[in-house]
Structures are given as C-alpha cells and as structure tokens.
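Take a look at the letters that make up each chain.
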Amino acid sequence: MTEPSVNTSPKGWDEIKTTTCYMCACRCGIRVQLKDGRVTYIDGNPEHPVNKGVICGKGAAGIMQHYSPARLSKPLIRVGERGSGEFREIEWEEALSTATGWLSDVRAKDPKKLAFFTGRDQSQGLTGWWAAQFGTPNYAAHGGFCSVNMAAAGLYTFGGSFWEFGEPDWKHTKYFMLFGVAEDHASNPIKKALGLLKERGAKIVSINPIRTGYSAIADEWIGIRPGTDGLFVGALIHELLNSQKIDGEYILRYTNSPWLIIENPGGADDGLFARNQQGSALVWDSHSNSPMPALSPDAAPKLMGRYKLADGRRVVTAFTLIAERFLEPEWAAENVAERSGVPADTIRRIAAELARTAFEEEIALDVPWTDHLGRYHEKMVGRPVSMHAMRGISAHANGFQTCRTIHLLQILLGTIDVPGGFRYKPPFPKPPPPGVKPAGKPGQVKPNTPLPGPPLGFVTAPEDLLVDEVGTPQRLDKAYSWDAPLAAHGMMHMVITNAAKKDPYGIDVLFMYMANMSWNSAMNVPDTIKYLTQKEPDGSYTIPKIIYSDAYASEMVQYADLILPDTTYLERWDCISLLDRPISEADGPADSIRQPVVEPERDVRPFQTVLLDLGTRLGLPGMTRTDGSPRYPGGYADYIVNHERAPGIGPLAGFRGPNGRSQGRGTPNPEQLQHYIDNGCHWFYELPDHMKYYRHVNWAYLDWATFFGFIGKPEPVIHQLYCEPLQKFRLAAQGHGKVLPPAEHRQRITTYFDPIPFWYPPFEGEMVSEAEFPMHAVTQRPMAMYHSWGSQNAWLRQLLGRNWLYMAREMAAKLKISDGDWVTVTSHHGKIKAQAKLMDGVNPETVWTWNAIGKRSGAWNLEPGADESSKGFLLNHLISELLPEREGGYRYSNSDPVTGQAAWYDLRVRVEKASDQSGVSEPQFATMKTLTRVT
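Residues numbered from 1 in each chain as written. Predicted model: local features only at pLDDT ≥ 70, side-chain atom pairs only at ≥ 80, totals over all residues. Heavy atoms only, no water.

## A few points about the overall build of the protein
- Secondary structure summary: the protein contains 26 helices and 34 strands in total.
- In terms of overall dimensions, the protein is globule-like: its C-alpha atoms have a radius of gyration of 27 Å, near the 30 Å expected for 935 residues.
- When the backbone C-alpha atoms are referred to their principal axes, the protein occupies close to 85 × 85 × 75 Å.
- The proportion of buried residues among the 935 residues of the protein is 66%.
- Here the contacts in the protein between residues at least 6 apart in sequence split such that 70% fall between residues at least 24 apart.
- Roughly 31,700 Å² of accessible area belongs to the protein as shown, and the carbon and sulfur atoms make up 50% of that amount.
- The distance from the centre of the 97 positive side-chain charges to the centre of the 104 negative ones in the protein is 1 Å. (Helix = DSSP H or I, 4+ residues; strand = E, 2+ residues; numbered from the N terminus. Rg over C-alpha atoms; globule rule 2.2 N^0.38 Å. Buried < 20%, exposed > 50% of the residue type's maximum accessible area, 1.4 Å probe, protein only. Contact = heavy atoms within 4.5 Å. Areas by Shrake-Rupley, 256 points an atom, 1.4 Å probe, with all protein chains shown as cover. Lys, Arg positive; Asp, Glu negative; His and termini not counted. Charge placed at Lys NZ, Arg CZ, Asp CG, Glu CD.)

## Examining the side chain of Asn876
- Assignment of secondary structure puts Asn876 in the loop between α26 (867–870) and β34 (908–913).
- Residue classification places Asn876 among the buried residues on the basis of a relative accessible area of 3%.
- Polar contacts involving the side chain of Asn876 include one to the main-chain carbonyl oxygen of Asn520, which spans 2.9 Å.
- At 2.9 Å, the side chain of Asn876 forms a polar contact with the backbone oxygen of Ala522.
- Non-local contacts of Asn876, meaning those with residues more than four positions away in its chain, are made with Trp519, Asn520, Ser521, Ala522, Met523, Asn524, Val525, Asn851 and Trp904. (Polar contact = N/O pair within 3.5 Å; in protein donor to acceptor, adjacent residues only side chain to side chain.)

## Topic: the pairing of strand β31 (residues 822–826)
- The buried count for β31 comes to 5 of 5 residues, which makes it a mostly enclosed element.
- Burial along β31 is two-sided: the residues Trp822, Thr824 and Thr826 and Val823 and Val825 are all buried.
- The pairing of β31 with strand β32 (residues 831–839) spans 5 bridges and is classified as antiparallel. Paired with Thr826 across the two strands is Lys831, which belongs to β32.
- Here β31 folds back onto β32 in antiparallel fashion, the turn holding 4 residues.
- Where β31 and β34 come together, 4 bridges link them in antiparallel fashion. The residue of β34 that forms the bridge with Thr826 is Arg910. (Pairing = 2+ DSSP bridges.)

## Regarding the layout of surface pockets
- Roughly 1,400 Å³ of internal volume is contained in the largest pocket.
- What lines the largest pocket is a set of 49 residues, among which Lys430, Val436, Leu579, Asp580 and Arg645 lie closest to the centre.
- Contributions of two or more residues to the lining of the largest pocket are made by α4 (124–134) and α5 (148–155).
- It is α4 that provides the largest number of residues to the lining of the largest pocket, a total of 5 residues.
- Its residues assigned to classes, the lining of the largest pocket shows 29 nonpolar, 15 polar and 5 charged.
- Empty space within the second largest pocket amounts to approximately 850 Å³.
- In terms of lining residues, the second largest pocket is bounded by 29 residues, among which Trp259, Arg275, Pro431, Pro432 and Gln720 are the most central.
- Of the residues forming the lining of the second largest pocket, the biggest block, 3 residues, is contributed by helix α21 (residues 724–733).
- Split into classes, the residues belonging to the lining of the second largest pocket amount to 17 nonpolar, 6 polar and 6 charged. (1 Å grid on protein atoms, 1.4 Å probe; cavity = no way out; pocket = protein on both sides within 12 Å on 5 of 7 lines; lining within 4 Å. Points joined across faces, edges and corners; volume = space filled by probe spheres on them. Nonpolar A, V, L, I, M, F, W, Y, C, P; charged D, E, K, R; others polar.)

## Considering the packing of helix α3 (residues 92–109) against α4
- Across the interface, α3 lies against α4 with an axial gap of 11 Å and an inter-helix angle of 55°. Of the possible angle classes, the one that applies to α3 and α4 is oblique. In this structure, α3 contributes Leu103, Val106 and Arg107 to the contact, and α4 contributes Trp130, Gln133 and Phe134.
- Here the contact of α3 with α4 is built from residues that sort into 4 nonpolar, 1 polar and 1 charged. (Axes fitted to C-alpha atoms, helices over the stretch in contact; angles between N-to-C directions. Parallel < 35°, antiparallel > 145°, perpendicular 65-115°, else oblique.)

## Considerations on the nonpolar core
- Counting residues in each nonpolar core, the largest one holds 165 residues, and the members touching the most others are Leu103, Trp130, Phe511 and Val911.
- Examining the composition of this core, we find that 7 residues originate from one element, α3, more than from any other.
- Excluding residues that lie within four positions of it along the chain, Phe511 makes contacts with Leu103, Leu114, Ala115, Phe116, Phe117, Trp130, Ile547, Phe607, Leu611 and Leu614. (Core = buried A, V, L, I, M, F, W, Y, C linked by side-chain atoms within 4.5 Å.)

## Overview of the environment of Pro630
- Along the chain, Pro630 falls in the loop between α17 (607–618) and α18 (636–642).
- Overall, the relative accessible area of 33% leaves Pro630 in the partly exposed class.
- For the pair Pro630 and Gly619, spaced 11 residues apart in sequence, the C-alpha separation works out to 8.8 Å.
- Apart from residues lying up to four places away in sequence, Pro630 is in contact with Thr616, Met623 and Arg625.

## Section: the side chain of Thr568
- Relative to the helices and strands, Thr568 resides in the loop between β25 (562–565) and β26 (574–576).
- Overall, Thr568 belongs to the buried group, its relative accessible area being 1%.
- At 2.8 Å, the side chain of Thr568 and the side chain of His66 are in polar contact.
- If we skip the residues at most four places from it in the chain, Thr568 touches Gln65, His66, Arg71, Tyr552 and Arg602.

## Quick word on the sheet that holds strand β9 (residues 175–179)
- Taken in spatial order, the 4 strands of this open sheet run β11-β10-β9-β21, and their pairing is parallel. Looking at which strands have only one partner, the edges of the open sheet turn out to be β11 (220–222) and β21 (385–389). Neighbour to neighbour, the strand axes of the sheet diverge by 15° on average, direction disregarded.
- Strand direction decides the pairing type here: β9 and strand β10 (residues 203–207), joined by 5 bridges, are parallel. Across the sheet, Tyr175 pairs through a bridge with Lys203, a residue of β10.

## Some thoughts on the pattern of salt bridges
- Evaluated as defined, the whole model comprises 59 salt bridges.
- Taking the shortest distance from any N to any O, the salt bridge between Glu220 and Lys203 comes out at 3.0 Å. Here the residue Glu220 occupies a position in strand β11, and Lys203 occupies one in strand β10, the gap between them amounting to 17 residues.
- Between Arg594 and Asp574 there is a salt bridge; the shortest N-O distance is 2.9 Å. (Salt bridge = Lys/Arg side-chain N within 4 Å of Asp/Glu carboxyl O.)

## So, the sheet that holds strand β16 (residues 314–317)
- If you trace the 3 strands from one edge of the open sheet to the other, you get β12-β16-β15, paired in antiparallel fashion. In the strand order of this sheet, the two ends are held by β12 (260–262) and β15 (306–308), each with one partner. With direction set aside, neighbouring strand axes in the sheet form an average angle of 35°.
- Judged from the 3 bridges that link them, β15 and β16 form a sheet pairing that is antiparallel. Bridge pairing links Arg306 to Val316 in β16.

## Some words on the packing of aromatic side chains
- Evaluation of the coordinates by the stated rule reveals 45 aromatic pairs.
- Measuring from centroid to centroid gives 5.6 Å for Trp129 and Tyr639, while their planes differ by 40°, and the two rings are tilted. In this pair, Trp129 sits in helix α4 while Tyr639 sits in helix α18, placing the two residues 510 residues apart along the sequence. Of the two residues examined, Trp129 and Tyr639, each falls in the buried class.
- Clustering of aromatic rings is evident, with ring pairs tying together Phe116, Trp130, Phe134, Tyr139, Phe511, Tyr513 and Phe607.
- When the ring centre of Tyr67 is taken as reference, the NZ or CZ atom of Arg38 above it lies at 4.2 Å.
- Its guanidinium or amino end placed over the ring of Phe428, Lys430 lies 5.9 Å from that ring's centre, counting from NZ or CZ. (Phe/Tyr/Trp six-rings, centres within 6.5 Å; stacked < 30°, edge-to-face > 60°. Lys NZ or Arg CZ within 6 Å of the ring centre and 35° of its normal.)

## Some remarks on the packing of α21 against helix α22 (residues 743–752)
- Remark: α21 packs on α22, axes separated minimally by 8 Å, with the N-to-C direction vectors making an angle of 145°. α21 and α22 meet at a crossing whose hand is left-handed. Contacts between α21 and α22 involve Phe729, Arg730 and Ala733 from the first element and Arg746, Ile749, Thr750 and Thr751 from the second.
- Of the residues contributing to the contact of α21 with α22, the split by class is 3 nonpolar, 2 polar and 2 charged. (Left-handed = near helix turned anticlockwise from the far one by under 90°.)

This is how it looks when you write it as structure tokens:
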C-alpha cells in the first residue's frame, strides 16, 4: 500500500513584491508573498543594503499588522462628545471639504492658529514643506520627545550624530561602547553587527541601568545610575587628560580646540572667538608667535596657552579651557563613583582600555587621500574605538550636554569618521550646525502666505529665535524661544497643554498624524485627556477643532472631530528620502521606497496623498498650478518623482534624468519609481575608497557632496568642541546684544548654555525630596514592539502581551516585595498600581518597564479586559509635562533647557507593596467604543 504523500512545503504564493518594512525605524528591505491578492508571508530582501535579508520578529509579523482588526475603514466625523466614541461615517468628499473649510478659515485669518504635528511617520520632508506652504510655524514631528538631544548635540558639535545619522565602523572597530541603547531602534543592523564584533573578538561595553538585549550580550555591563552618564564620561576624559592619552594631531587639525577665545569677563565679547577683519577665527601660530587664520595651510597652531593680541585683548585656546575644566578634582574617579554608581577602579580601567585600544592598536588602511588644505596622506589612519548612544542619554534634562560630553570623548580619542571609529552616514557631515534657520518670526506669518523658510532649523544666536520684542514665544510649543532655544525638532509634548492653557496663545485647529498623544505619547495622560475635552464657558471646546489621521483605532482617535483613515504600509507609496531620514550606510548614500503591494479593501487613503489633495484645495502655491489645478494630480507617487527642492534635486536620488542613469542630481524621470521597483525598491551608491573616511575634511568627498547637494560648498566640517552659539546666548543673558531674554530666563540661560560640555543633576531629582522619592523609574522598548503599534499585533502579543515593573532583588527584599506582588508606584505627580517582577540585571535604585505595552481598555479593537489594559500599565501616568511648581517661579516644561527634549527618564518614584493585591493595574479608564469593522 502506497503511503499518501504530504507536501510539507506547499507554495503559498503566486507573486512576490519587494518594499520597505515599517515595523520599526530600521526600514529594512522585505519581500512580500501574495496569493490571490492577499499577503501570505513576509521575509527579508537579501539584496537590500540595510538588512541584507535579515528580518526580525516584528518585520515578519507585518502581515498581522496589515490585517489588524484595529484598522480604520472609513472617514468619520464626531457626533457625540469628545472621547465618547460616537462618530458618523462619511464619504471622502465630505471629509476633505470639511477639513478644507476649517483649514482655509485659519489660513485666511492667522496661519499660526493651525498646529500641525506628526508622529513616527517617516515623511517629514513632505509634512514640513506642507506646513511651510500653509504658513504655520507650528509644525514638528516626534523628535522633540524622542531624539532631539542626540541630533542637536551632534549637529552642533561635529556635523553628524548618533541615532540614524551615523554608525560605528563595524568592520574595523575593536572596542565598542553603547550608552543607553535599547533594542527597538536599528535592531537588525545592530544585531548583525554585534555578531560580527563577537566573531572578531572586539570588546563590547554597555552603559545602561538595565541589562537586557544588547547589554545582556555585552562583554561588560555597567549598571549606571540614570542621568549620570555625563559624569561617568567626564571622569573618563579626566583620566585621559591626566595621562595625556589624547590624539593631539587630530584635535589640532580637525577641531576648534586651538582657536583663540577672548577672555574679557563682563564684556560683550567674552567667550567669543577672536577673528580677523575677514571673519576668520584665529589660532596662535608657533612659528611666528602671532595670530593666524585657523584654516591657513601655513599655520602651526598652539593647542594650549594664553596670549595677548596686538589690540590688547587677552585670548586663550579653546582646548586650554576644556582641559582646565575636566582636570578639576570634581571629575576624578573617586568623586564621580558614588554619584554615578560606577566604581572608581572601573572608571580608571575603562579609560585605560580606551587609550590602549586607540593608540596601541592603531589601524592604517593603504588608501591615499587629500585633506581640505591640500595635504596628501598616504594612508587612512584610525583609532578602533567606537560609540553609540540612544534614548537612555537623550531623554534626560541634561541630555544635550551629556551627549556633547560623549562626543568630546570620541574626538579627544580621534575616532570621528576614521577607520575603526564612528562614521557619518550621508547626507552627513554637514556644517555644525547646518545653516537652515527656522521661520516664524513676527512679521513672517501672514494670512494666505507661505513661510519664507522651513518651520524647523538651527539657531546660532538670540537673533534667530522665534520671539517678539518682549521675548514672547511665537510658536505654540515654545520651541526656539527662551524656554528651549535650540529646539531643532520642536516640542510636540507641549502642544496640547499649551493649546489648552492658551499659553502663549490659543489655536483653532489641531491637525495630527500618527501621534498617539492621548496615551503613550503623553507625558501626563490624565491631564492630556482633560485638555482635549476642556470647554470654554460658552460650551465650546478650548481646542475648537481636531483633525486626526491614522491607520488604526488608537487611543487618540476618539478625541478627534474628524478622522481621515490612513492605509497600512503595504498599501501605499512612501519615500525614505535623503531630504529626510534616509537608509544610508556609512559607505555611501541610499534611499528607498514603499510601493503598494496590495490595494486596500477599505475606504481609506494614504495620508501623504490626502495632504497633497488638501494642499490643492487650499491653494497652497507649491501644490497648485497657476490655473488652480493640482501640481501633483497623481498624489504622493507623482510628488516623489516630480517634486524638486532645488534644480535637479528631488525626494529620490537614484535613477534620475531622462534615461534614469543620473544619481543625486538630474531632471525628474517619469520611470523613476519603476526603476526602484526593478531594483528591489532601493538605491545605493557606494563611495570610492578614498572618500569613505575623514569626510569632514576629505577634499574629494567635500567636492562630491557639494555636487550631490548635501552641503552648500566644499568647506571643511571643523568639530566644534567649544560651541560658540551657546556662549552668545549666555552673553544675552548677561545683558549684551540686541535680543535679550526676559528676567525670569536669564539665570537658566547663563547656567545651562555653557559652550564647554558639563554635567548637572536632572531637574526633577533636584526639585523633589530624595527621601520621599528615592528611586529612578525609566522605560525601554522591547525588540518585539515598536511604539504602540506592536501590541495590537496578534503574533507579537503572544511574545509580550503585558508588562511588569522590574526591580532589583536586593531592593525588593528591603521593601518586603516578592516576585509577582502588586505594588504602588508614586511620583510627585501621580500614582499607579502594577505587578512587580524581580531580576538581577538592573541598577538597584532603578525600576523599569517595557513602554507602550499598556493599552486603554477597548482601544486598538482589543477585547475589553485584555491583558494589555487589565494588567498592562504606563509610567506616563506618573510623569508631568511641567516641572514641579516653585513658589513664585516660572513653571518650565519637563525638558532639557537647551533643546526642549522631553525628560521622560528623570522620573523619581516611591515603590511600596500594594494593600490591594487584586490583579488589575491602575489607573483604569472607561472602556472605549469599537470604531472599526472586523474583516
């Protein structure tokens, strides 16, 4: 008898399409298998430059994201009270006409009364341009509560940054340090790279209060106290300076360390660079014993010393001031150990290991190159020490200066864009900071008129701030004001609070995309919900109209008045652009697209296309022709191909020109998207070897980057260890200049705008009683989830369907808390109830949890009482968007004073065993109504 044959691997597809994943920020290339028009399987694209075929659990689970029961299916208009879940389904024409009416009224009267803010949408090149065309300065994306400290600190220091703007030289590094890195960002590339480091025997050191993920496989884990990383790094610098283990040649040639600084206490020029009549910064030339232009090819600058100029002014080299600071006893290992929780012996050993690796294991590649001064180099010499940092550094009120301190450590070791060090990703490096200034000054916001520039940019002096003559902020979120002068990503976390308080003014329309601001993106959940539903005495809402677009029924949806349902990432065109946040590798620029691999079976539209449609209806100049017809009738795909920011430069750099053979610069190519599809939905240009390193001073690269549009002219990117723009703000606070801060801001500016990196305690810890709130509380994102999207996903929920409050066993024993006990966690602002889980790999004074797991009952179309809502929780309920009140004092946002970065990780709490051990987390909110149709 013949045994029946069983096909154990039946073919589950009749078509395969490539696109770009959207399950996290990695933007890996994927292949999507289709059967009868439905998605059946997703795997990695082996030809893609980011992941080279590797796919994680999130990426594979994209199929369940696409078919999520939480998907919205029809435009909705509110008919009940906000938060009631009472909506009426409407057609798209009514939805777009309604939105156009609301928005046109605002634009005709006062465009800044529109606040347009987006979440992790990866299309900020379009949305920021749209806001500028509308004429509102009130635009930003999620970076203000996520990564602006990282971006600003790096871009003001060396023209690049951690996060998505650079990466370690994985091939050559021998000593790798991670600061505050969780597992959600860049997970595939980092996991692959860590494996390579392990194979090569490189040492991995993780500095993080929590030992999970990357920290768990590190060769050494340093469980630092939250918010003290800057102290630890400063102590390493102290040790290196003491032992004279720094790369003197690198910092002399490529940084502003030898530049001369005026020492004139109390004067208007104190702390500024001495310059000649042409505006060039000066150095002290050791040959002539006189000042010379810093970039003169004949200069032999002194690194240390104080001097007197011919006009009598006294000057000092920047490096002298840096060395004097970090050689102070306060930075000694013994004095840093207790506060940071890192033993003095460990600090000294790590410093010695860094020095040994950098200077005794030097790398020299046989690649000739020429620098910006025309000097020929036979080899590319590198220091094989690299570093990477993320939100654990960024999300503190001292994060900007802490991140600058890490960059100072890198540069003193000579490890920026050298073999074995930290490498720029194109389009970086850029001048520190980039030359784009934010628009929105008084007189620049006019009815029915675009802004004269983008709403986001980089200020370099008080004159660039968006304030009026008495210092009143011109933006709703107070970005680019005296509250947060260098707020390069805006301050999205303050928008709803300020709008409700009409501080500095009220708005007419709040327009948000993919930003779950009423739940896991709110620093203060109860008050945010209160502000969204707050009414005036006449019964009208304080925030009159709210338009919201999302693909899913998140908690935020029910607080909107008009819902514009988005597609999933498998149903639309997207552009991961060099004008925005590209997928570039250190070896060269890259960008990619998403193509619609399936058509939506619901009545939904891609938000980017909707935005362009609204722009046409509103008559925004960049989106309409002179006859009023749409400039991009084909929607977002049309825009991607035909939009130009400068002649020949558009959203995509690949396959430009009439035959698709131009790269970087070229006329629009009607077949460009098909070229991308044929190439696996990506484009990558590998730089020649002589342009892969030292790009900040590499003449060949700088010339090429100018042609490509990355920089305006081929000038060197000199690392700014001493940040003169910060000193200009200090001088203003001391009464110098035309634009001065109001009195209540002056001490704050003077204190925190130090041009040399330093450390100060996080604000909340200094403003509450340590005895009353003795513990730190932070969050991390797990590998299996990304923001709040993941925990609606049926497959990912099986990996992590709820969260716990993790704490150290030794601390739990002191508090008489056992594994699985329910505990209360109290801050100066609120209280929650959660279930404890004990572990070893956590700083004893720290509790933590996975973020974005806790859900509001009924949201995301989860069953009421699902674990995510009945046992899951958020620390957000404990965090205030404002710092604790001070008697008679101005109440600042709970943010970094320089950039406005939300200080999520400064939270101080008290943990106690709960009297009620019933198994439900608190607080609980009313169950939300179901808004979606299950298909």
